Amino acid sequence: TNITNIGGFICGYSRASVLNCHVQGKIAGRVDTSYGFGGMFGNIDGNITVYRCSIFSDATINGTHDGGVGGIFGNVVSSATISVLDCLLICNYKITGRDVWFGGIGSNVTGGSVTGNIENCVVFSNAIDTTNGTRTEASLLNGWPKVTGKWSVKNTYSAGNITYASKVYDMYGM
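Residues numbered from 1 in each chain as written. Predicted model: local features only at pLDDT ≥ 70, side-chain atom pairs only at ≥ 80, totals over all residues. Heavy atoms only, no water.

Caption draft 1: Structural detail: the overall build of the protein. Broken down by element type, the protein carries zero helices and 19 strands. Counting over 174 residues, the protein shows a buried share of 48%. A separation threshold of at least 6 residues defines the contact pool for the protein, and within that pool the share at least 24 residues apart is 83%. Surface accessibility of the protein: about 7,400 Å² in total, with carbon and sulfur atoms responsible for 51%. (Helix = DSSP H or I, 4+ residues; strand = E, 2+ residues; numbered from the N terminus. Buried < 20%, exposed > 50% of the residue type's maximum accessible area, 1.4 Å probe, protein only. Contact = heavy atoms within 4.5 Å. Areas by Shrake-Rupley, 256 points an atom, 1.4 Å probe, with all protein chains shown as cover.)

Encoded structure:
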């Protein structure tokens, strides 16, 4: 807990693929510009495959400026190819501060071209958002203004709730 800027249950920064990794627990920290906070990794880069993994987490995140938050990764540093296959994510988030980009699988690409593949996944995100600045949420992927590559999503279910300003909103789709 009390991770500053880059963090996740496994590591803060990774270029590695993960097979049969199962994460359960509580985590807390702060995100800032170009830094991510994810269930597995804070920031990722390169060619990443997450295969047959599960994440059951409760996260408390304090956003300070343009931080990325996601169930698997918070931020993609540069050009990347990402595959998320046969995974289950059930994550609860409490987001405070300001300027947070949230995605059920990942968020906040600050790098170059990013392509990806999401197959046979179930993602459920429950978020309480008390931010007072820019905020955007998505059930799968979010904060992708610099993405120039293609994404493929097959056989994937994504849902959740966002509580913002005392109102509950459903999240479905990308």
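So much for the structure itself; the text now carries on.
Caption draft 2: Looking closely at the side chain of aspartate 45. Secondary-structure assignment places aspartate 45 in strand β6 (residues 41-51). One polar contact links aspartate 45 to arginine 15, side chain to side chain, over a distance of 3.0 Å. (Polar contact = N/O pair within 3.5 Å; in protein donor to acceptor, adjacent residues only side chain to side chain.)

Caption draft 3: Seen up close, the side chain of serine 57. Mapped onto the secondary structure, serine 57 falls in strand β7 (residues 54-63). Owing to a relative accessible area of 5%, serine 57 belongs among the buried residues under this scheme. Residues in contact with serine 57, not counting those within four places in the same chain, are Phe9, Gly25, Ile90, Cys91 and Asn92.

Caption draft 4: Here's a closer look at the nonpolar core. Judged by nonpolar contacts, the single largest core of 38 residues is most densely connected at Met40, Ile72, Tyr93 and Ile105. For this core, the elements supplying multiple residues, two or more each, are β4 (22-31), β6, β7, β9 (73-85), β10 (88-97), β11 (100-103), β13 (114-119) and β14 (122-129). Here this core gets five residues from one element, more than from any other, and that element is β9. Filtering out sequence-adjacent residues up to four positions away, methionine 40 remains in contact with Gly8, Phe9, Ile10, Cys11, Val18, Cys21, Val23, Val50, Cys53, Ile55, Gly71 and Ile72. (Core = buried A, V, L, I, M, F, W, Y, C linked by side-chain atoms within 4.5 Å.)

Caption draft 5: Seen up close, the pattern of salt bridges. In the structure shown here, the tally under the stated rule is one salt bridge. Arginine 15 is paired through a salt bridge with aspartate 45; the nearest N and O atoms lie 3.0 Å apart. Pair noted here: arginine 15 is in the loop between β2 (11-14) and β3 (18-19) and aspartate 45 is in strand β6, with a separation of 30 residues, a long-range link. Of the residues examined, aspartate 45 reaches a relative accessible area of 6% and is grouped as buried. (Salt bridge = Lys/Arg side-chain N within 4 Å of Asp/Glu carboxyl O.)

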